[in-house]
Amino acid sequence: MADECKDKLWGGRFSAPTDKFVEEFTASIDFDKRLYHQDIRGSIAHARMLGKQGIIPIADVERIVHGLQEILDQIEAGEFDFSVALEDIHMNIEARLSARIGEAGKRLHTGRSRNDQVALDIRLYLRDELVEISAYLDLLIDALVARAEEQLGVIMPGYTHLQTAQPILFSHHLLAYVEMFSRDKGRMEDCLKRTNVLPLGAGALAGTTFPIDREHVAELLDFPAVTRNSLDSVSDRDFALEFLAAASILMMHLSRFSEELILWSTSEFKFIELSDSFCTGSSIMPQKKNPDVPELVRGKTGRVYGNLMALLTVMKSLPLAYNKDMQEDKEPLFDTIDTVKGSLKIFADMIREMRVNVGTMRAAAAKGFSTATDVADYLVRKGMPFRDAHEVVGKTVAYCIANGKDLPDLTVEEWQRFSPQIGADIAAAIGLEASVNARAATGGTALERVKAEIERIKAGR
Ligand code: ARG
């Protein structure tokens, strides 16, 4: 072995040292050092199993466990010098262990490969993050439900095509997001089931010649199951892709909500006011208060979609089993975890603090002939087929537009020009409250229905 290759854990077959730039290019330590805790935890479980199975001496297991714990402390104290020459977190820790405890340290990698080791580390890491992301989703859901309860009765315009459609409760709008974020949580929990499986024991790809006990390692690391095929164990990243897909859908929801908050904060809408702490000013226009936080969340949705595409593309067409390409899984994964957690946290705070302009919302809900459907439904109740009623109301709206009037301005005589079936009771049918409260079937915007939904959601939490 050339002297320069001696510091490499795999230096045995090599006679020339690695080119410096190749070393930097192939290293992952800059980003996978994040996995130090999982790597040490996994190694301790592996060492204990090796000892229990009589594969390495028990005395060595104790040295390994103690040595790894010291390394953990050192990393957490910021005193560990990570080396690019040692490529990744796995070899950084293993090399340091051997340097500290000698012979025993060199037995740790028995019956294991970095391929199953890295698969284990990522699964350990992601499963904790999935639990944390679910907790952040809970925070946001709680904030939304609290605001829905507080603003119960506030009416806003509901839109289709961003044109005024029908009046709705503001609380109903907030609860729509509660539904979306609850499904996002379900997707994270579902992803956890497939992430929470132990891959260690697959070795490089085919398994190991040593009499290992994978079920024991699974127990030590709290995995409810072990993977069933060694090739699949080291080459599968679909659990990570599933997370990235779930995260993309979650960010899509957040970006739609962001867009609405941005729109509602404009001087044209003025439905809400975001707290100053979530906005910034302009360096030139003194009047500006920009909704930076929702804008950034909307923008960050792009990088999360990009991360999903990146990993899908990395994995596309890879032959079994492990390929170095797969080292590219970590940055998109870590970046997505950070982005999603940050976005959820800041969103929950922002929702809690936003001010709602009840009067402006209500005034907007009354405009745009928002209760025209209620007039049609009124005529249907008087016996007219819906299509005919639609036509009658369409003509009435055209009349109003031509005469600068709104539906509540019409006299009974004017109404009757369009249909003799309309009586004085029309006024009650086109009020905002009447319109909202008439939609009382499951899923509708009626006050009683929304109140019941809030109770149902709270009871389920
Ligand atoms: N740093 C590598 C990764 O992240 C660890 C596994 C390397 N395995 C190998 N045979 N080179 O994927």
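Residues numbered from 1 in each chain as written. Predicted model: local features only at pLDDT ≥ 70, side-chain atom pairs only at ≥ 80, totals over all residues. Heavy atoms only, no water.

Student: It is not clear to me how the environment of Gln 117 should be interpreted in this structure. Could you clarify?
Tutor: Here Gln 117 lies in helix α7 (residues 114–150). Gln 117 gets classed as buried once you look at its relative accessible area, which sits at 2%. Linking Gln 117 and Ser 43, residues 74 residues apart in sequence, is a C-alpha distance of 8.4 Å. Contact partners of Gln 117, with chain neighbours within four places excluded, come to Asp 39, Ser 43, His 90, His 109, Arg 112 and Leu 200. (Helix = DSSP H or I, 4+ residues; strand = E, 2+ residues; numbered from the N terminus. Buried < 20%, exposed > 50% of the residue type's maximum accessible area, 1.4 Å probe, protein only. Contact = heavy atoms within 4.5 Å.)

Student: What is the right way to read the side chain of Thr 110 from this model?
Tutor: You can see Thr 110 is positioned in the loop between α6 (103–107) and α7. By relative accessible area, Thr 110 is classed as buried at 18%. Sequence-distant contacts of Thr 110, that is, excluding residues within four places in its chain, are made with His 46, Leu 50, Ile 55, Ile 56 and Phe 210.

Student: Help me understand the environment of Lys 270, please; the structure alone is not making it clear to me.
Tutor: Assignment of secondary structure puts Lys 270 in the loop between α11 (238–264) and β5 (272–273). Along the chain, Lys 270 and Phe 369 lie 99 residues apart, while their C-alpha atoms are 20 Å from each other. If sequence neighbours within four positions are ignored, Lys 270 has contacts with Trp 264, Asn 357 and Thr 360.

Student: Where do I start with the site of the ligand in this structure?
Tutor: Neighbouring residues of the ligand: Ser 28, Asp 32, Asp 88, His 90, Arg 114, Asn 115, Val 118, Tyr 322, Gln 327 and Lys 330. Contact distances for the ligand include 3.2 Å between a nitrogen atom and a side-chain N or O atom of Ser 28. Contact with the protein chains hides 86% of the accessible area of the ligand, taken as 340 Å² for the molecule alone. Ranked by the residues each element gives to the shell around the ligand, the list is headed by α7, at 3 residues. (Near = heavy atom within 4 Å. Polar contact = N/O pair within 3.5 Å; in protein donor to acceptor, adjacent residues only side chain to side chain. Areas by Shrake-Rupley, 256 points an atom, 1.4 Å probe, with all protein chains shown as cover.)

Student: Help me out: how do you make sense of the packing of α11 against helix α13 (residues 330–353) in this one?
Tutor: For any two helices packed against each other, one specifies the crossing angle of their axes together with the interaxial distance. Relative orientation of the contacting elements α11 and α13 amounts to 35°, with a least axis distance of 10 Å. Here α11 and α13 pass one another in a crossing that is left-handed. Of the residues in α13, those touching α11 at Ala 240, Phe 243, Leu 244, Ala 247, Leu 250, Met 251, Leu 254, Phe 257, Ser 258 and Leu 261 are Pro 332, Leu 333, Thr 336, Ile 337, Thr 339, Val 340, Ser 343, Leu 344, Phe 347, Met 350 and Ile 351. Classifying every residue of the contact of α11 with α13 by side-chain character gives 17 nonpolar, 4 polar and no charged. (Axes fitted to C-alpha atoms, helices over the stretch in contact; angles between N-to-C directions. Left-handed = near helix turned anticlockwise from the far one by under 90°. Nonpolar A, V, L, I, M, F, W, Y, C, P; charged D, E, K, R; others polar.)

The quantities given are spatial measurements derived from coordinates; they are silent on function.
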